[in-house]
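# Descriptive analysis of the structure
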Amino acid sequence: MPRTIIEKLWDSHIVHERPGAPTLLFIDLHLVHEVTSPQAFQGLRERGLKVRRPDLTIATADHSIPTSDRSLPIVDKIALKQLDQLETNCGEFGIRCLGVHSSQQGIVHVIGPELGLTQPGMTVVCGDSHTATHGAFGALAFGIGTSEVEQVLATQCLLQRKSKTFQVQVEGRLGAGVSAKDIILALIARIGIGGGTGSVFEYTGSTIRALGMDERMTVCNMSIEGGSRAGLVAPDDITFEYLAGRPHAPKGAAWDAAIARWKQLPTDEGAAYDRCLSIDADTLEPMITYGTNPGMGVSINAPLPEPSQVADPMARDSITKALAYMGLEGGKPLLGHPIDVVFIGSCTNSRISDLRTAAGLLKGRKVSDKVRVMVVPGSQEVKRQAIAEGLPEIFRAAGCEWREPGCSMCIAMNGDQLSPGQYSVSTSNRNFEGRQGKGGRTFLASPLTAAASAITGVVTDVRTLL
Amino acid sequence: MTPFTNFESRLIKLPLNNVDTDQIIPARFLKTTSKQGLDKQLFNDWRYDAAGNPSPEFVLNQPESQGVQVLLAGDNFGCGSSREHAPWALTQWGFRAVISTSFADIFQQNSLKNSLLPIIVPPDVHAELFAAAPGVVVKIDLPNQTLTTPGGRVVEFPVDAFSKHCLVKGVDELGYILEQAPEIAAYEAANPASIDARA
């Protein structure tokens, strides 16, 4: 029977099945960070348990870490305690921790791939909903809660129910100024924020095949914003080329064996999905969100919806409430709307290709003096590469802040945040009320749209600057 | 875990779709290393004004909401992040069940592990509950998987058999997985790891 890659990944990780219980699934890689792990480690301590597989577990500090000068002491005492707790817990339980001062620190979903830990065919979990990022390598990767973090630490397994399979086929060529972020924002705008609930996405088609690994990670990263816990892309030569030579990638004969194994992963000819949807890349335009969830997105030139045209009362109320929070009117496009802050970063768009793209547009230009522009690389490794390519000079010359790696203003836990009422164009993944600071208002977009809007000081169609 | 028993309660109505975990508990409160004390921050940014005083118009602050154990919310409740702080905050405030037409996957799993019952009802029952008079009571019977509406309609709701067993008997999932250590060891022996993250 032909199988999808999703089913192959599932089948190869079944530890045990008991009647009347979910499947016990083995986890190949567990990524840990400071925010969702302390209560799990405490749980282990209370039960007298050890970490079963420290060799399959790695930790870093990203969510609550400052992105200012790392040689200075951390002023937020609660954040400091949490960051110290991570180091203590990892020390006690034998887990490698790429902490505040590590030369390999970074956003958990940036460092897994760049260290070569994330590999095709794996199951990958993390106490973070953007774990689907790792699906770009042909891994089954999904976010878990703290109880599950504790379970994986103790047993390297999780009780899981099989998800439905959902093919998202993207065909055609992206136009100038249109990028991976626009593909995923368009998908979420189409199916809604709950459209993929209970499913795993497989992104297929010529457009996805043509994307580099950084771009594939951007697409998979936001699967959860479409309701799906996981989203993945079958591995191919682009995947193998990215992994070759990475610190934890297989070497020598093991590499050849791995490639042979990985080539068996793609979905078999004739395999059936529970659901399929097609996106025409040729007609895609730069996307932007206007509301308070990532499904509230439109093409950059399109008018915002009019609540009066929405039939369902609760859906109408949601749009009305979102527009009121955002201080926007239905029926008009966002183009030209003034902004206060631009944030280029997050596990969605903080990789080297994102920074190159933004720098390419900003080179020789100045950002608006009305806008604060923060550029936050995803990891120390991304930062080193950016320095080697001279990108920080371009950003600084344009008037941007070049900061230290971390989640930063995507989740606004670390002091990087909007003030009440401020507008941002942000390359991150969530525009929920207060997500980037209490009362802050977020427009989600690609690094290109963010850089273009930084230059003009208003929401801008990047194609007018190309 | 304490076994989940049948109960009846009035409803708190939150007629909004897509209530995300950043609303249930904003991220800036996740710097804690404890599970406790999160009830005060439940729905923080809707619940308190700029000066930090309770906003009288928000439903949780109304006198008749005190002691209520069931939250009635719009579609796709709990979307967004994987933070288990969301069900911790809800249960610490006193909620034992949330009723909606749908729940986000991670929130649903996190809730079931914390004795917070996510109850999925069809749209007509959902509408009936939202239309119910203030102060009326619903009955929740987990062993029989039924919700009795204030109008007396008995509605079955889905719960997977294993989660129900764990809730009703107070079974701890981690304990259950630990029992399967021999099977885990056998899997590990047959599938050597391709990485060593410590090196």
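Residues numbered from 1 in each chain as written. Chains lettered and ligands numbered in written order. Predicted model: local features only at pLDDT ≥ 70, side-chain atom pairs only at ≥ 80, totals over all residues. Heavy atoms only, no water.

All right, on to the overall build of chain B then. Per the secondary structure count, chain B includes eight helices and seven strands. Out of the 199 residues belonging to chain B, those deemed buried represent 57%. Of the contacts made within chain B by residues no fewer than 6 positions apart, 64% connect residues no fewer than 24 positions apart. Carbon and sulfur atoms make up 54% of the accessible area of chain B, which amounts to about 7700 Å² in all. (Helix = DSSP H or I, 4+ residues; strand = E, 2+ residues; numbered from the N terminus. Buried < 20%, exposed > 50% of the residue type's maximum accessible area, 1.4 Å probe, protein only. Contact = heavy atoms within 4.5 Å. Areas by Shrake-Rupley, 256 points an atom, 1.4 Å probe, with all protein chains shown as cover.)

This part takes up helix α12 (residues 352-362) of chain A. The buried fraction of α12 of chain A is high, at eight of eleven residues. Along α12 of chain A, the residues classified as buried are Ile352, Ser353, Asp354, Leu355, Ala358, Ala359, Leu361 and Leu362 of chain A.

Moving on: the packing of helix α2 (residues 38-47) of chain A against helix α5 (residues 146-155) of chain A. A packed helix pair is summarised by two numbers, namely the angle formed by the two axes and the spacing between the axes. Residues and elements named next belong to chain A. For the pair α2 and α5, the least separation of the axes is 8 Å and the interaxial angle reads 55 degrees. Considered as vectors, α2 and α5 are oriented oblique to each other. Where α2 crosses over α5, the handedness of that crossing is right-handed. Contacts between α2 and α5 involve Gln39, Ala40, Phe41, Gly43, Leu44 and Arg47 on the former and, on the latter, Thr146, Val149, Glu150, Leu153 and Ala154. Its residues placed into classes, the contact of α2 with α5 shows six nonpolar, three polar and two charged. (Axes fitted to C-alpha atoms, helices over the stretch in contact; angles between N-to-C directions. Parallel < 35°, antiparallel > 145°, perpendicular 65-115°, else oblique. Left-handed = near helix turned anticlockwise from the far one by under 90°. Nonpolar A, V, L, I, M, F, W, Y, C, P; charged D, E, K, R; others polar.)

This part is about helix α13 (residues 380-388) of chain A. Residues and elements named next belong to chain A. For α13, the full list of buried residues reads Gln380, Val382, Lys383 and Ala386. Taken around the axis of α13, the buried residues stretch over an arc of 160 degrees, which confines them to a single face. Where the residues of α13 are buried, they touch α4 (108-114), α12, α14 (391-398) and β17 (401-402). Between a side-chain oxygen at the N-terminus of α13 and the backbone nitrogen of glutamate 381 the separation is 3.3 Å; the capping residue is serine 379. Following α13 by one or two positions, glycine 390 has its phi on the positive side, about 75 degrees. (Arc of directions from axis to C-beta. Polar contact = N/O pair within 3.5 Å; in protein donor to acceptor, adjacent residues only side chain to side chain.)

A few words on the sheet that holds strand β11 (residues 230-232) of chain A. Residue and element names in this part refer to chain A. The strand order β11-β10-β9-β12 describes an open sheet built from four strands, whose pairing is parallel. The sheet is open, and its two borders are formed by β11 and β12 (275-280), each paired with just one other strand. For this sheet the average axis-to-axis angle between neighbouring strands, irrespective of direction, equals 20 degrees. As paired strands, strand β10 (residues 199-204) and β11 are joined by three bridges and run parallel to one another. Looking at β11, one finds that valine 200 is bridged to alanine 230. Lying over the sheet, helix α6 (residues 180-191) contacts β9 (164-171), β10 and β12, oriented at roughly 125 degrees with respect to β12. (Pairing = 2+ DSSP bridges.)

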